[in-house]
Amino acid sequence: MALQSALFLFFFFPLGGLLYWAVPSLRARNGLLLAASLVFYSFGQWQGIPVLLLSALVSTLAGRAMEREKGRRAVLALAVAVHLLLLGAFKYLDFFTASLNALLGLELPLAHLPLPMGISFFTFKSIAYVVDAYRAGGSGHGFADVLLYVSFFPQIGSGPIARFGPFAQQLTGRTIGAAQAAQGLRRFILGFGKKLLIAGQVAAIADAAFALGPALDARMAWVGAVAYSLQLYFDFSGYSDMAIGMAAMLGFSTPENFNYPYIAASIRDFWKRWHISLSSWFQDYLYIPLGGNRKGQGRAMVNRGIVFLLCGLWHGANWTFILWGLWHGVFSAIESAVAAARKGRPAERSRRPLLGRALGHVYTLLVVCIGFVIFRAADLTQAGQMLAAMFTAFSPSPAATLAWERIAPAAWCAFFGGILGSLPIVPYLKERTAGRGWVEAASFVLAAALFALCLLAAAGSGFQSFIYAQF
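This structure is a prediction, so every number in the text was calculated from the model and none was measured.

Calculation notes
Residues numbered from 1 in each chain as written. Predicted model: local features only at pLDDT ≥ 70, side-chain atom pairs only at ≥ 80, totals over all residues. Heavy atoms only, no water. Helix = DSSP H or I, 4+ residues; strand = E, 2+ residues; numbered from the N terminus. Buried < 20%, exposed > 50% of the residue type's maximum accessible area, 1.4 Å probe, protein only. Contact = heavy atoms within 4.5 Å. Areas by Shrake-Rupley, 256 points an atom, 1.4 Å probe, with all protein chains shown as cover. Lys, Arg positive; Asp, Glu negative; His and termini not counted. Charge placed at Lys NZ, Arg CZ, Asp CG, Glu CD. Salt bridge = Lys/Arg side-chain N within 4 Å of Asp/Glu carboxyl O. Arc of directions from axis to C-beta. Axes fitted to C-alpha atoms, helices over the stretch in contact; angles between N-to-C directions. Parallel < 35°, antiparallel > 145°, perpendicular 65-115°, else oblique. Nonpolar A, V, L, I, M, F, W, Y, C, P; charged D, E, K, R; others polar. Patch = residues over 30% accessible without salt bridge, like charges linked within 9 Å, V, L, I, M, F, W, Y side chains within 5 Å.

Asker: What am I meant to see in the overall build of the protein chain here?
Answerer: Of the regular secondary structure elements, the protein chain holds 21 helices and zero strands. Taking the principal axes of its C-alpha atoms as reference, the protein chain extends roughly 65 × 60 × 55 Å. By the burial criterion, 48% of the 471 residues in the protein chain qualify as buried. In the protein chain, of all internal contacts separated by at least 6 residues, the share reaching a separation of at least 24 is 77%. As presented, the protein chain carries roughly 21,700 Å² of accessible surface, and 68% of it is formed by carbon and sulfur atoms. Each charge class in the protein chain can be summarised by its mean position, and for the 36 positive and 19 negative side chains these summaries are 8 Å apart.

What follows is the structure, given as structure tokens:
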């Protein structure tokens, strides 16, 4: 089951919501949430339930064991190793086996283990739990609380990667009101609209471009690359909006995951705005423990390279994801080195953007767009074809021209609407209309109309899965 599925929208969500609001105590509501989360996960992939339960059990036992002063570091190492071994076995075993076979000419059999839904997300939540427990001197929380944390159904599919501390506080101290639920529903509908009306439409442009292969020309390659950048952003930020909105309807506050990343003026700024919960996880649980920038600029650049390499690998078992991570790591490290070199300059000059604001935007968008071509490609060969076409295939191709002419008007509307939607226009309008009651009322009317429009779009194209659900 997924947040955008018909089963969730018309059965699980309304019936579960009514039952949740009818239950009087928070303890009973927490129990209902846990049961609902496991049912939700079972509909998505019941085979992953044992892995989910084992992950929560290991975290719970590790948190309890760390209350003792002796052997805490060994417990931490063992718990993290178990979580990483589970992730590695189910997600990367066949990838490394196939790579070893190709490299050494071996014929080792592939395991073909089913990939548990959301394993990358709940593994990182579990690791965060045990590391935080180690830093705090242990955690006395029970198995049910930890299991609800890692399986919480709004976040299990594609995040955000919430931390246990704030979540645990809300297990015993959240308030649930009609106004909060209404705002959460509005946020959920906004994300639903992003997914269906923008990401779902521009996907046709991206798919057409990537399917052309050697027949690509520069025109179709660039449009396809931009279309996929828009598709990925609105698909993933749409899921985050739906998760945040759903959690709000249940009384939970969820960390933001996106902050208009396409207005960034550097790669470092981009990663402060894109998949924020993942970026902060790598910073807190990998980059800083590796030494961050405390051991010299050379070590900091190496640390950034390690972080981005593992960030790419986290996204999937494919060389394209690894190359994408290294691509961002190289530019992040270069920017970090240049920023360090500018510290000796006068304060006024050192605070200026390295390339100027406008040129910085162009540079960042170019790096990000090229990176997403690598990210989207099925393999390195397809990535090379796409990139070669973008920069060398300036003569129109008959096949590409035909693909261009077949792009539907709705896809073009979503394409240009997505470009506008990538800009912080909504926050600007909110600031300009703050305090006007009619604006708030109108936003709920527009949300209802948007939901109806989404259902019409879904009736024609179906409920497509989210891109990050595969990670």
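Asker: What's the story with the pattern of salt bridges in this structure? I'm lost.
Answerer: Charged atoms that come close allow side chains of opposite charge to pair. Within this structure, the stated rule accounts for nine salt bridges. Note that Asp235 is salt-bridged to Lys195, the shortest N-O span being 2.7 Å. Taken as a pair, Asp235 in helix α10 (residues 218-249) and Lys195 in helix α9 (residues 178-211) lie far apart in primary sequence, 40 residues in all. The residues Asp235 and Lys195 share a single accessibility class, namely buried. Two residues, Arg376 and Asp207, come together in a salt bridge whose shortest N-O distance is 3.0 Å. On the criterion of sequence distance, the pair formed by Arg376 in helix α16 (residues 357-376) and Asp207 in helix α9 is long-range, its members being 169 residues apart. Given the relative accessible area of 24%, Arg376 is considered partly exposed. Here the salt bridges do not stand alone but share partners, grouping Arg187, Lys194, Asp241 and Glu256 into one network.

Asker: What am I meant to see in helix α8 (residues 164-173) here?
Answerer: Along an α-helix, residues three or four apart share an orientation, since each turn contains 3.6 residues. Considered for burial, the residues of α8 that qualify are Phe164, Phe167, Ala168, Gln170 and Leu171. End-on view of α8: buried residues confined to an arc of 160°, all on one side of the axis. The exposed set on the far side of α8, more than 90 degrees from its buried face, consists of Gln169, Thr172 and Gly173. Contacts made by the buried residues of α8 are with α2 (26-45), α5 (119-136) and α6 (143-151).

Asker: What exactly am I supposed to notice about the packing of α5 against α6 here?
Answerer: Packed helices, taken two at a time, are described by the angle their axes make and the gap between the axes. The geometry of α5 relative to α6 is characterised by a closest axis approach of 9 Å and an angle of 140° between their N-to-C directions. As far as their axial angle goes, α6 and α5 are oblique. Contact residues: α5 offers Phe122, Lys125, Ser126, Ala128 and Tyr129, while α6 offers Val146, Tyr149 and Val150. Across the contact of α5 with α6, the residue classes break down as six nonpolar, one polar and one charged.

Asker: I'm lost on the environment of Ile156 in this one. Help?
Answerer: In this structure, Ile156 sits in helix α7 (residues 153-156). Along the backbone, Ile156 and Gly200 are 44 residues apart, and their C-alpha atoms lie at a distance of 22 Å. If we ignore the near neighbours within four places in the chain, the residues touching Ile156 are Phe40, Tyr41, Leu52, Met117, Gly118, Phe121, Phe122, Val150, Ser151 and Tyr239.

Asker: Any chance you could explain unusual backbone geometry here in plain terms?
Answerer: Most peptide bonds take the trans configuration, and most residues that are not glycine carry a negative phi. Here the residue pair Gly159 and Pro160 is connected by a cis peptide bond, since its omega of 0° sits within 30 degrees of zero. With a phi angle near 55°, His112 is a residue other than glycine that sits in the positive phi range. The topology assignment puts His112 in the loop between α4 (72-104) and α5. A relative accessible area of 60% means that His112 is categorised as exposed. Positive phi, normally seen in glycine, also occurs at His275, with a value near 45°. Along the chain, the position of His275 falls in the loop between α11 (267-271) and α12 (276-287).

Asker: Sorry, what's going on with a nonpolar patch on the surface here?
Answerer: Residues Leu7, Phe11, Leu15, Leu18, Val39 and Phe43 make up a contiguous nonpolar surface patch of about 600 Å² in total accessible area. Listed by contribution, the elements that provide at least two residues to the nonpolar patch are α1 (6-22) and α2. Looking at the nonpolar patch, the element that brings in the most residues is α1, giving four residues. With respect to the helices and strands, Phe11 occurs in helix α1. Among the residues examined, Phe11 registers a relative accessible area of 48% and is labelled partly exposed.

Read these as layout, nothing more, since geometry by itself doesn't imply function.
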